[in-house]
Amino acid sequence: MPLPTIEWEGDINGRIKLIDQTLLPLELKYVYCEDIKSIWHAIKTLMIRGAPAIGIAGTMGIVLGIKNINTSDINTFLNELKRVKDYLGSSRPTAVNLFWGLARMERVASENKNKPVKEIKDILLKEAIKIQNEDKEICRKIGENGVALIKDGNGVLTHCNAGGLATADYGTALAVMFKAKEQGKRFKVFSDETRPLLQGARLTAWELIHAGIDVTLICDNMAAHVMKLGKIQCVIVGADRIAANGDTANKIGTYGVSILAKEHGIPFYVAAPVSTFDLNIKSGNEIPIEERSPEEVTSGFGKRTAPEGVKVFNPAFDVTPAKNITAIITEKGVINNPSTENIQKIIGK
Ligand code: MRU
């Protein structure tokens, strides 16, 4: 079982404890968030990252935001909660799990609006912890549902980090690999380093090494060559938002990997919980793509790597069209040939 990436410490007056993922793999350091500004900052700067983990951080962030609201008036309380929710939602736009988690907390508050505010606060803390525990179960089910897709002797390519650090338990894409390892399958993983912030090199390689899984790190621009050499039999990645038709936003570079997989006749799998589906949007064209600071591209490996004054475009995600996706592995089952109809058959409307 991987280290918990995020935890609530204490009662309603407690705080969030999380691993600062920006320091991994060189340093395993915990940071403590006691107010909403600090958890907003932790999400924004990727101390905590990965769609399900951001969702959990948001729900615990709600608890931080409401714990000190000093009112017994329910309408004042609910208005304040909405303000906290909107503020946390402004941290990162693409992973829908954040908005899903925030909306669930708001719904629970309003379903309990006949209770005293003090009681609602405790209910919200319980809900945040419940969401975290549900995510643990979900990771395990994704692993079980996807494990048959890794065959003995396979080479598996992954991009970014969809592991324990990105969830409450052992990940989505990596859950499938952890489960395959538990079953004694022999397979090798190739991890794209994932520029600009190197989640593949820093986080995925770290997690897989700790789990005793055979992992080889490659630069992003090596994936085509490695596929051509016949070293990859399937690709498994995570997701940040999946539209109703199956178009999938994930870390920048995933779309390119899907094209390479198609060209080489390699199945391309997405592993994601139902909370990553955004059935309110018809296609990937409607997914908001986060753009991040130019410094992430003009610097790397601890130093400046580009000339001063150069223009930079730094989208953090791209959208893989459903037609490039062989199947989506969810906790409810595997959706083959993702389409609006096939998605609804497995996860409902
Ligand atoms: O910018 P990040 O590191 O939050 O991006 C993370 C990803 O793209 C992951 O693949 C995705 O969130 C799935 S995590 C289970």
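Residues numbered from 1 in each chain as written. Predicted model: local features only at pLDDT ≥ 70, side-chain atom pairs only at ≥ 80, totals over all residues. Heavy atoms only, no water.

## Here we look at the overall build of the chain
Looking only at helices and strands, the chain features 11 helices and 16 strands. Summarising its shape, the C-alpha atoms of the chain cover approximately 65 × 50 × 40 Å along the three principal directions. Looking at the chain as a whole, 57% of its 349 residues are labelled buried. A fraction of 74% describes how many contacts in the chain between residues 6 or more apart in sequence connect residues 24 or more apart. Within the chain, one finds 44 positive and 40 negative side-chain charges whose respective centroids are separated by 2 Å. (Helix = DSSP H or I, 4+ residues; strand = E, 2+ residues; numbered from the N terminus. Buried < 20%, exposed > 50% of the residue type's maximum accessible area, 1.4 Å probe, protein only. Contact = heavy atoms within 4.5 Å. Lys, Arg positive; Asp, Glu negative; His and termini not counted. Charge placed at Lys NZ, Arg CZ, Asp CG, Glu CD.)

## Side note on the environment of Thr254
One can find Thr254 in helix α9 (residues 254–263). Along the backbone, Thr254 and Ala239 are 15 residues apart, and their C-alpha atoms lie at a distance of 9.5 Å. Sequence-distant contacts of Thr254, that is, excluding residues within four places in its chain, are made with His159, Val237, Phe268, Asp318 and Thr320.

## Some words on the sheet that holds strand β6 (residues 215–218)
Strand order in the open sheet formed by seven strands is β6-β5-β4-β7-β10-β15-β16, with mixed pairing between adjacent strands. The outermost strands of the open sheet, each flanked by one partner alone, are β6 and β16 (333–336). Within the sheet, the average angular offset between the axes of one strand and its neighbour, ignoring direction, is 25°. Pairing of strand β10 (residues 268–271) with strand β15 (residues 327–330), which is carried by three bridges, proceeds in the parallel orientation. (Pairing = 2+ DSSP bridges. Axes fitted to C-alpha atoms, helices over the stretch in contact; angles between N-to-C directions.)

## With respect to the domain arrangement of the chain
What the domain assignment lists for the chain is domain 1 (6–140) and domain 2 (145–347). A C-alpha centroid distance of 26 Å is found between domain 1 and domain 2. Listed by partner, the interface residues are 29 residues for domain 1 and 33 residues for domain 2. Summed over both partners, the interface of domain 1 with domain 2 buries about 2600 Å², with 56% contributed by carbon and sulfur atoms. The three residues of domain 1 that bury the most area against domain 2 are Arg49, Thr94 and Arg140, which together make up 24% of that side's buried surface. In this assembly, domain 1 and domain 2 are joined by three salt bridges. With a shortest N-O distance of 2.9 Å, Glu290 and Arg92 are connected by a salt bridge. Our count for the domain 1 to domain 2 interface comes out at 16 residue pairs in polar contact (both at pLDDT 80 or more). Counting only elements with at least two residues in the side of domain 1 that touches domain 2, the list comes to α2 (51–66), α4 (96–111) and α5 (117–146). Residue classes in the side of domain 1 that touches domain 2 are distributed as 16 nonpolar, seven polar and six charged. (Domains from an automatic or database assignment. Buried area = accessible area lost by both parts, 1.4 Å probe. Salt bridge = Lys/Arg side-chain N within 4 Å of Asp/Glu carboxyl O. Polar contact = N/O pair within 3.5 Å; in protein donor to acceptor, adjacent residues only side chain to side chain. Nonpolar A, V, L, I, M, F, W, Y, C, P; charged D, E, K, R; others polar.)

## Regarding the nonpolar core
Judged by nonpolar contacts, the single largest core of 43 residues is most densely connected at Ile16, Leu18, Ile39, Phe77 and Leu124. Residue assignment for this core shows that the elements contributing at least two residues are β1 (6–9), β2 (15–19), β3 (30–33), α1 (36–44), α2, α3 (74–89), α4 and α5. Non-local contacts of Phe77, meaning those with residues more than four positions away in its chain, are made with Ile66, Ile69, Thr71, Val117, Ile120, Lys121 and Leu124. Core analysis: the second largest hydrophobic core is formed by 27 residues, Ile150, Met177, Leu208 and Ala271 among them. (Core = buried A, V, L, I, M, F, W, Y, C linked by side-chain atoms within 4.5 Å.)

## A short note on the sheet that holds strand β8 (residues 241–243)
Spatially, the four strands line up as an open sheet ordered β11-β8-β9-β14, and their pairing is mixed. Looking at the sheet topology across the chains shown, the edges are occupied by β11 (277–278) and β14 (317–320). Relative to strand β9 (residues 248–251), β8 runs antiparallel, the two being bridged by two bridges. Residue Ile242 lies in a different strand from β9, and its bridge partner there is Thr248.

## Re the packing of α2 against α4
It is the contact of α2 with α4, at a shortest axis distance of 7 Å, that shows an interaxial angle of 30°. As the angle between them shows, α2 and α4 are arranged roughly parallel. Classified by chirality, the crossing of α4 by α2 is right-handed. On α4, the residues touching Ala51, Pro52, Ile54, Gly55, Gly58, Thr59, Ile62 and Val63 of α2 are Asn97, Leu98, Gly101, Leu102 and Met105. Class assignment for the residues of the contact of α2 with α4 results in eight nonpolar, five polar and no charged. (Parallel < 35°, antiparallel > 145°, perpendicular 65-115°, else oblique. Left-handed = near helix turned anticlockwise from the far one by under 90°.)

## What about the site of the ligand?
Neighbouring residues of the ligand: 17 residues in total, closest Arg49, Arg92, Asp240, Asn250 and Lys251. Within the contact set of the ligand, an oxygen atom lies 2.7 Å away from a side-chain nitrogen or oxygen of Arg49. Those elements that place two or more of their residues in the shell around the ligand are α2 and β9. Each residue belonging to the shell around the ligand can be placed in one class, and the counts come to seven nonpolar, six polar and four charged. Here the shell around the ligand gathers at least three residues from each of two domains, domain 1 (6–140) and domain 2 (145–347). (Near = heavy atom within 4 Å.)

## Section: the side chain of Lys85
Considering the arrangement of structural elements, one finds Lys85 in helix α3. The residues touching Lys85, leaving out its near neighbours within four places in the chain, are Ile62, Leu102, Ala103 and Glu106.

## Here we look at the packing of aromatic side chains
Considering all chains together, one arrives at two aromatic pairs under this definition. Considering the side-chain rings of Tyr170 and Phe178, the 5.4 Å spacing of their centres and the 20° angle between planes classify their relative orientation as stacked. For the pair Tyr170 and Phe178, a shared accessibility class is recorded, and that class is buried. Here the basic side chain of Lys17 rests over the ring of Tyr30, its NZ or CZ set 4.4 Å away from the ring centre. In this structure, Lys251 packs its charged tip against the face of Phe317, placed 4.4 Å from the ring centre. (Phe/Tyr/Trp six-rings, centres within 6.5 Å; stacked < 30°, edge-to-face > 60°. Lys NZ or Arg CZ within 6 Å of the ring centre and 35° of its normal.)

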